[in-house]
Amino acid sequence: MKLILLGPPGAGKGTQAQMLMERYGIPQISTGDMLRAAVKNGTPMGLKAKACMEAGALVPDAVVVGIVEERLRQPDCDAGFILDGFPRTLPQADALQATLLALGKELDAVVSLEVDVDALVERLVGRRSCPSCGAGYHVRFDPPRHEGVCDRCGAGLIQREDDQETTIRNRMEVYRQQTAPLVDYYGKAGLLRSVDGMLPISQVGQALLAVLGSTP
Ligand code: AP5
Ligand code: ZN
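Here the structure is a predicted model, which means the values were calculated and not measured.

**Remarks on the nonpolar core**
- Counting residues in each nonpolar core, the largest one holds 26 residues, and the members touching the most others are Leu35, Phe81, Leu83, Leu96, Leu107 and Tyr186.
- Elements with a contribution of two residues or more to this core: strand E1 (2-6), helix H3 (44-55), helix H4 (61-72), strand E3 (81-84), helix H5 (90-103) and helix H8 (181-188).
- The element best represented in this core is H4, accounting for 6 residues.
- Dropping the residues within four chain positions of it, leucine 107 is found in contact with Lys2, Leu3, Ile4, Phe81, Gln97, Leu100, Tyr186 and Leu191.
- Counting residues in hydrophobic clusters, the runner-up holds 22 residues, among them Val111, Leu113, Ile168 and Leu209.

Right under this line is the structure:
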């Protein structure tokens, strides 16, 4: 299964990617996670990306295209992959097409998670993430068993720096201007499937599997 999860910040891309990863045994490729790791490790790429991410702006296309290209060449992507947070601009989508063509791979589907803007802000403000294993939670909608502690690995949960309300509003605007046109792009390519992302997490997962032709 070669898949793109498309949707605004907080739509549930990361949450559903984790489910799909376990279900299909294929890797999640999250450019956001890769960039955050680069920032944390202080790599040259991380130093370049840091200010953009803190402001809720996009990191330059050339930077993300390079990391995704490299990632897609890894053998664990042969059976499939879930792209989460990439592509985010038309040039990124064109670059992905070129890379897949060069690798002899084709996308199976692009799933767009549809969520109202007001729900997105509430989701992001209440999101908590595990800095150690990457698991995601929500204080209300998906709380860990013990407050502030990751169910999977026991690490202390953190709030992402870009999950402050003003930065969230910037990210929404960037999505509207630069990423939303991809819905049309993949619609025209005949790859787009839409899923109601306003449902509870498990029901979104079931709807997603249904549009991919898998039984929940
Ligand atoms: P990135 O990490 O990709 O952030 P994003 O796209 O803003 O998406 P999020 O991770 O915020 O949301 P999500 O849809 O994954 O939601 P989640 O499942 O966590 O990017 C961060 C930054 O990196 C960008 O701003 C940019 O600077 C840079 N960047 C990354 N990729 C780039 C690229 N390709 N090009 C350029 N720059 C790039 O869910 C959110 C919360 O809601 C969670 O708490 C979850 O538990 C909860 N939740 C999920 N589903 C539901 C549901 N159905 N009901 C109730 N709650 C739910
Ligand atoms: Zn963890």
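**Points about the site of ligand 1**
- Thr15, Ala57, Arg88, Arg127 and Tyr137 are the nearest of the 36 residues found near ligand 1.
- Between ligand 1 and arginine 127, the relevant distance is 2.6 Å, taken from an oxygen atom to a side-chain nitrogen or oxygen of the residue.
- In this structure, tyrosine 137 approaches ligand 1 through a main-chain N or O atom, which is 2.7 Å from an oxygen atom.
- For ligand 1, the protein covers 96% of the area, taking 1,100 Å² as the surface of the free molecule.
- Of all the secondary structure elements, the ones that give two or more residues to the shell around ligand 1 are helix H1 (13-24), helix H2 (31-41), helix H6 (117-125), strand E6 (136-138) and helix H9 (201-211).
- The biggest single contributor to the shell around ligand 1 is H2, with 4 residues.
- Considered class by class, the residues forming the shell around ligand 1 number 17 nonpolar, 10 polar and 9 charged.

**Considering the environment of valine 183**
- Along the chain, valine 183 turns up in helix H8.
- Separated by 21 residues in sequence, valine 183 and valine 204 have C-alpha atoms that sit 19 Å apart.
- Once you skip the residues sitting within four places of it in the chain, valine 183 turns out to touch Leu6, Ser112, Tyr175 and Leu192.

**Examining a negative patch on the surface**
- A cluster of like negative charges, contributed by Glu114, Asp116, Asp118 and Asp196, occupies part of the molecular surface.
- Inspection of the secondary structure puts aspartate 196 in strand E7 (residues 192-196).

**Structural notes on the pairing of E3**
- Alternating positions in E3 separate into two faces, Phe81 and Leu83 on one and Ile82 and Asp84 on the other, with burial throughout.
- Here E1 runs beside E3; their pairing, made up of 4 bridges, is parallel. Of the residues in E3, the one forming a bridge with isoleucine 4 is leucine 83.
- Looking at chain direction, strand E2 (residues 28-30) and E3 are connected through 3 bridges and run parallel. Each residue of the ladder has a partner; that of serine 30, found in E3, is aspartate 84.

**Focus on the coordination of the zinc ion (ligand 2)**
- Coordination of the zinc ion (ligand 2) by the protein comes from Cys130 (SG), Cys133 (SG), Cys150 (SG) and Cys153 (SG), over a distance range of 2.3 Å.
- Coordination geometry of the zinc ion (ligand 2): the 4 donor atoms subtend angles of 98 to 118° at the metal centre, consistent with an arrangement described as tetrahedral.
- Read N to C, the donor residues that coordinate the zinc ion (ligand 2) are spaced as C-x2-C-x16-C-x2-C. With cysteine 130 in the loop between strand E5 (127-129) and E6 and cysteine 150 in the loop between E6 and helix H7 (165-179), this pair connects stretches of sequence that are 20 residues apart.
- You can call cysteine 130 buried: its relative accessible area is 5%.

**Some remarks on the sheet that holds E7**
- Spatially, E2-E3-E1-E4-E7 is the arrangement adopted by the 5 strands of the open sheet, whose pairing is parallel. In the strand order of this sheet, the two ends are held by E2 and E7, each with one partner. Put simply, the sheet's adjacent strands are angled 25° from each other on average, direction ignored.

**What to know about the UniProt feature "domain: Adenylate kinase active site lid" (unreviewed entry) in the chain**
- Per the UniProt record, "domain: Adenylate kinase active site lid" (unreviewed entry) is annotated on residues 127-162.
- For the annotated span residues 127-162, helix accounts for 0% and strand for 17% of the residues, and the straight-line distance between the end C-alpha atoms is 11 Å.

**Notes on the packing of aromatic side chains**
- Using the criterion set out here, one finds 1 aromatic pair in the structure.
- Here the aromatic rings of tyrosine 185 and tyrosine 186 are separated by 4.8 Å at their centres, their planes lie at 75°, and the arrangement is edge-to-face.
- A relative accessible area of 1% means that tyrosine 186 is categorised as buried.

Criteria and cut-off values
Residues numbered from 1 in each chain as written. Chains lettered and ligands numbered in written order. Predicted model: local features only at pLDDT ≥ 70, side-chain atom pairs only at ≥ 80, totals over all residues. Heavy atoms only, no water. Core = buried A, V, L, I, M, F, W, Y, C linked by side-chain atoms within 4.5 Å. Buried < 20%, exposed > 50% of the residue type's maximum accessible area, 1.4 Å probe, protein only. Helix = DSSP H or I, 4+ residues; strand = E, 2+ residues; numbered from the N terminus. Contact = heavy atoms within 4.5 Å. Near = heavy atom within 4 Å. Polar contact = N/O pair within 3.5 Å; in protein donor to acceptor, adjacent residues only side chain to side chain. Areas by Shrake-Rupley, 256 points an atom, 1.4 Å probe, with all protein chains shown as cover. Nonpolar A, V, L, I, M, F, W, Y, C, P; charged D, E, K, R; others polar. Patch = residues over 30% accessible without salt bridge, like charges linked within 9 Å, V, L, I, M, F, W, Y side chains within 5 Å. Salt bridge = Lys/Arg side-chain N within 4 Å of Asp/Glu carboxyl O. Lys, Arg positive; Asp, Glu negative; His and termini not counted. Charge placed at Lys NZ, Arg CZ, Asp CG, Glu CD. Pairing = 2+ DSSP bridges. Donors = N, O, S within 2.8 Å, 3.2 Å for Na, K, Ca; no water. Tetrahedral: all angles 85-135°; square planar, octahedral: opposite > 155°, others 65-115°. Axes fitted to C-alpha atoms, helices over the stretch in contact; angles between N-to-C directions. UniProt positions renumbered as here; feature names shortened; annotations may be inferred. Phe/Tyr/Trp six-rings, centres within 6.5 Å; stacked < 30°, edge-to-face > 60°.

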